[in-house]
Amino acid sequence: METDPPVPSTGAEHADEVAALATRYGRIPASERVRLAKSTSNLFRFRSPVGGGGLDVTGLDRVLSVDPDTMTADVQGMTTYEDLVAETLRHGLMPLVVPQLRTITIGGAVAGLGIEASSFRNGLPHESVREMEILTGDGQVVLARPDNEHAGLFRGFPNSYGSLGYALRLVIELEPVRDHVRLRHVRFTSADECATAIEEIHGAGTWRDRRVDFVDGTVFGRSELYLTLGTFADGAPYTSDYTGSRIYYRSIRERDVDHLKVGDYLWRWDTDWFWCSRAMGAQHPLLRPFWPRRFLRSDFYRKAVALDQRFALSDRINRLRGRPRREPVIQDVEIPVDRLAEFLEFFHDEIGISPVWLCPVRLRDTAGWPLYPMDPGTLYVNVGFWATVPLRADQELGAHNRAIEGKVSELDGHKSLYSTAYYGREEFWEHYDGETYRSLKDRYDQAGKLPGLYEKCVLGN
């Protein structure tokens, strides 16, 4: 791969931007809720608009440098993975974990949770962070590392969702890439078989004597499950293009083997927002040829959903047509691999969404991360599902999500907080280490200028 000269240092410019941001933050009245002013979001906790312009962080969106020798990148917190990957690929490198959607920001992935097909070997995005510059709730700018006086904040920042502060700059690890990724779509006829294969691949790093660099899966039904196994390659006999008329997730059922350029592989899910673009009509065979390519992106679909939620358009249409009310069930949960089949059986019986995404993950860091306390010794499978489910006349909104929360807890799993949660306060803090969180909140946001994690993720403040 060709590489360009190193990006010139912009340390002084960054320092000036941070100083200006801290000043703006300090001017926000204590009575005003602090929200980031940014053009995109990948959260599914929709809230009513707030007066004022919010805290403008849009300038902190650049890759400051990439060091091919140390295989690290110095990057501002609001940089999207789309921009970060474009820069690192020019050096033949990529972040250790690249979340599926282009406009997820590096700061957002670390303060929340990101995951992808390299997570079975590289863990979660925050585990590749070496240091973070954070604007805390009390208005201070601190440098948090795993071995300095802010080590507690470094470990507690993941899953804090901006309730302790905002990541302004991060130094992250990178790894080498090759030009292409060879895919094998391997079918299984039961969840037990699929789970056993996941354990085997994780343990050996291979499948049928071929190295595996990436693993994710797609569940189309009880007896139709696929693991997609990706292997870096220097060349390919052909390459497929799923950025236009062709739809990636459909190819999983149609091909045993496929080849993608590495950049196209990293964004394979973005064009159709996994499979969710079908709800917008983007997959209709008569509409697809005329659908503007600039709208074949996850950020467009997410904005469309936000408008629908804001004006309750789908609810109104369903009422006019005499259809039952539908509940959004948009979640990602981590299930221990040996309980995966049990969870999927429950899911097919009680929820009924299809397809479903699978992504194996095991933490790299044996110390763990307190606000999302996965067991470092356990192999988990992320199960992702994003659709609406009809409610019976006797069910209240939240019935399906609450049932999922209960099952996840029963199976010793964990639920990501990027979307709606229904936990009671005491139950919530049992899952997300309330003691550690309160200690960090007291140290870094004692006045409570930022909304608390429960208030933000459950109450929607």
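The rules behind these values
Residues numbered from 1 in each chain as written. Predicted model: local features only at pLDDT ≥ 70, side-chain atom pairs only at ≥ 80, totals over all residues. Heavy atoms only, no water. Helix = DSSP H or I, 4+ residues; strand = E, 2+ residues; numbered from the N terminus. Rg over C-alpha atoms; globule rule 2.2 N^0.38 Å. Buried < 20%, exposed > 50% of the residue type's maximum accessible area, 1.4 Å probe, protein only. Areas by Shrake-Rupley, 256 points an atom, 1.4 Å probe, with all protein chains shown as cover. Lys, Arg positive; Asp, Glu negative; His and termini not counted. Charge placed at Lys NZ, Arg CZ, Asp CG, Glu CD. Salt bridge = Lys/Arg side-chain N within 4 Å of Asp/Glu carboxyl O. Pairing = 2+ DSSP bridges. Contact = heavy atoms within 4.5 Å. Axes fitted to C-alpha atoms, helices over the stretch in contact; angles between N-to-C directions. Phe/Tyr/Trp six-rings, centres within 6.5 Å; stacked < 30°, edge-to-face > 60°. Lys NZ or Arg CZ within 6 Å of the ring centre and 35° of its normal. Parallel < 35°, antiparallel > 145°, perpendicular 65-115°, else oblique. Left-handed = near helix turned anticlockwise from the far one by under 90°. Nonpolar A, V, L, I, M, F, W, Y, C, P; charged D, E, K, R; others polar. Core = buried A, V, L, I, M, F, W, Y, C linked by side-chain atoms within 4.5 Å. Polar contact = N/O pair within 3.5 Å; in protein donor to acceptor, adjacent residues only side chain to side chain. pLDDT = per-residue confidence, 0-100.

**Details of the overall build of the chain**
Within the chain one finds 15 helices and 18 strands. Whereas a compact globule of 461 residues would reach a radius of gyration of roughly 23 Å, the chain reaches 22 Å, a difference of no more than 12%. Expressed as lengths along the three principal axes of its C-alpha atoms, the size of the chain is roughly 60 × 55 × 45 Å. Within the chain, the fraction of its 461 residues that count as buried is 56%. Entry remark: accessible area of the chain is about 19700 Å², with carbon and sulfur atoms responsible for 49%. Averaging the positions of the 56 positive and the 66 negative side-chain charges in the chain gives two centres separated by 6 Å.

**Brief notes about the pattern of salt bridges**
Taken as a whole and judged by the stated rule, the model has 31 salt bridges. For Arg62, the salt bridge is made with Glu17, and the minimal N-O distance between the two is 3.0 Å. Of this pair, Arg62 sits in the loop between strand 2 (55-56) and strand 3 (63-67) while Glu17 is found in helix 1 (residues 11-26), placing the two residues 45 residues apart along the sequence. Glu342 serves as the salt-bridge partner of Arg339, at 3.2 Å between the closest nitrogen and oxygen. The partly exposed category is assigned to Arg339, whose relative accessible area is 24%. Sharing partners across several salt bridges, the network here consists of Glu82, Arg102, Asp270, Arg297 and Asp299.

**Digging into the sheet that holds strand 18 (residues 414-415)**
Taken together, eight strands build an open sheet; the order of strands is 14-9-13-12-16-17-15-18 and the sheet is antiparallel. Unpaired on one side and paired on the other, strand 14 (257-261) and strand 18 mark the two borders of the sheet. Contacts from helix 11 (residues 340-350) reach strand 12 (214-221), strand 13 (224-233), strand 15 (326-336), strand 16 (356-361) and strand 17 (380-390) within the one sheet, and its direction differs from that of strand 17 by about 5°.

**Observations concerning the packing of aromatic side chains**
The tally for this structure, following the rule as stated, stands at 28 aromatic pairs. The aromatic ring of Phe220 is capped on one face by Arg253, whose charged end is 4.1 Å from the ring centroid.

**Quick notes on the packing of helix 11 against helix 12 (residues 399-410)**
Between helix 11 and helix 12, whose axes approach to 11 Å, the crossing angle comes to 165°. Of the possible angle classes, the one that applies to helix 11 and helix 12 is roughly antiparallel. For the crossing formed where helix 11 meets helix 12, the hand is right-handed. Of helix 12, the residues touching helix 11 (which contributes Glu342, Phe343, Phe346, Phe347 and Glu350) are His400, Ala403, Ile404, Lys407, Val408 and Glu410. A per-class count over the contact of helix 11 with helix 12 returns six nonpolar, one polar and four charged.

**A word on helix 11**
Along an α-helix, residues three or four positions apart point the same way, because every turn accommodates 3.6 residues. Among all positions of helix 11, only Leu340, Ala341, Phe343, Leu344, Phe346, Phe347 and His348 are buried. Just beyond helix 11, the residue with positive phi is Gly352, at close to 85°.

**Let's talk about the nonpolar core**
Membership of the largest hydrophobic core comes to 86 residues, with the highest contact counts inside it found for Leu170 and Phe428. Beyond its immediate sequence surroundings of up to four residues, Leu170 is in contact with Ala73, Asp74, Val75, Gln76, Gly77, Ile106, Gly107, Val110, Val129, Glu131 and Met132. If you look at the next biggest cluster of nonpolar residues, it comprises 38 residues, including Ile335, Phe346, Ile353 and Val356.

**Comments concerning the side chain of Gln331**
The residue Gln331 is located in strand 15 in this model. At 2.7 Å, the side chain of Gln331 and the side chain of Asn401 are in polar contact. Among residues more than four places away in sequence, those in contact with Gln331 are Val383, Gly384, Phe385, Trp386, Asn401, Lys415, Ser416, Tyr418, Ser419 and Thr420.

**Considerations on the confidence of the model for the chain**
Of the residues in the chain, 93% have a pLDDT of 70 or more, and the chain-wide mean is 91. A low-confidence stretch, residues 1-9 (pLDDT under 50), is modelled with 16 contacts involving residues beyond four sequence positions or located in other chains.

**A closer look at the pairing of strand 4 (residues 72-76)**
Most of strand 4 sits inside the fold, with five of its five residues counted as buried. Burial along strand 4 is two-sided: Thr72, Asp74 and Gln76 and Ala73 and Val75, pointing in opposite directions, are all buried. Note that strand 4 and strand 8 (residues 165-176) share five bridges and pair antiparallel. Note that in strand 8 the partner of Asp74 across the bridge is Val171.

**Looking at unusual backbone geometry**
Here the bond from Ser354 into Pro355 is cis, since omega is -5°, no more than 30 degrees from zero. Residue placement: Pro355 occurs in the loop between helix 11 and strand 16. One non-glycine residue, Tyr161, lies in the positive phi region at around 50°. Within the fold, Tyr161 resides in the loop between helix 5 (151-156) and strand 8. Judged by its relative accessible area of 9%, Tyr161 falls in the buried class. Positive phi values are uncommon outside glycine, yet Asp433 reaches one of about 55°. Inspection of the secondary structure assignment puts Asp433 in the loop between helix 13 (425-431) and helix 14 (434-444).

**Overview of the pairing of strand 13**
In terms of residue burial, strand 13 counts as a mostly covered element, since ten of its ten residues are buried. Along strand 13, one buried face is formed by Glu224, Tyr226, Thr228, Gly230 and Phe232 and the opposite face, lined by Leu225, Leu227, Leu229, Thr231 and Ala233, is buried too. Bridge count between strand 9 (residues 180-188) and strand 13: nine bridges; the pairing is antiparallel. Considered in strand 13, the bridge of Val181 is made with Phe232. Both strand 12 and strand 13 contribute to a ladder of seven bridges, which runs antiparallel. Bridging from a neighbouring strand, Gly217 pairs with Leu227 of strand 13. In this antiparallel pair of consecutive strands, strand 12 and strand 13, the connection spans two residues.

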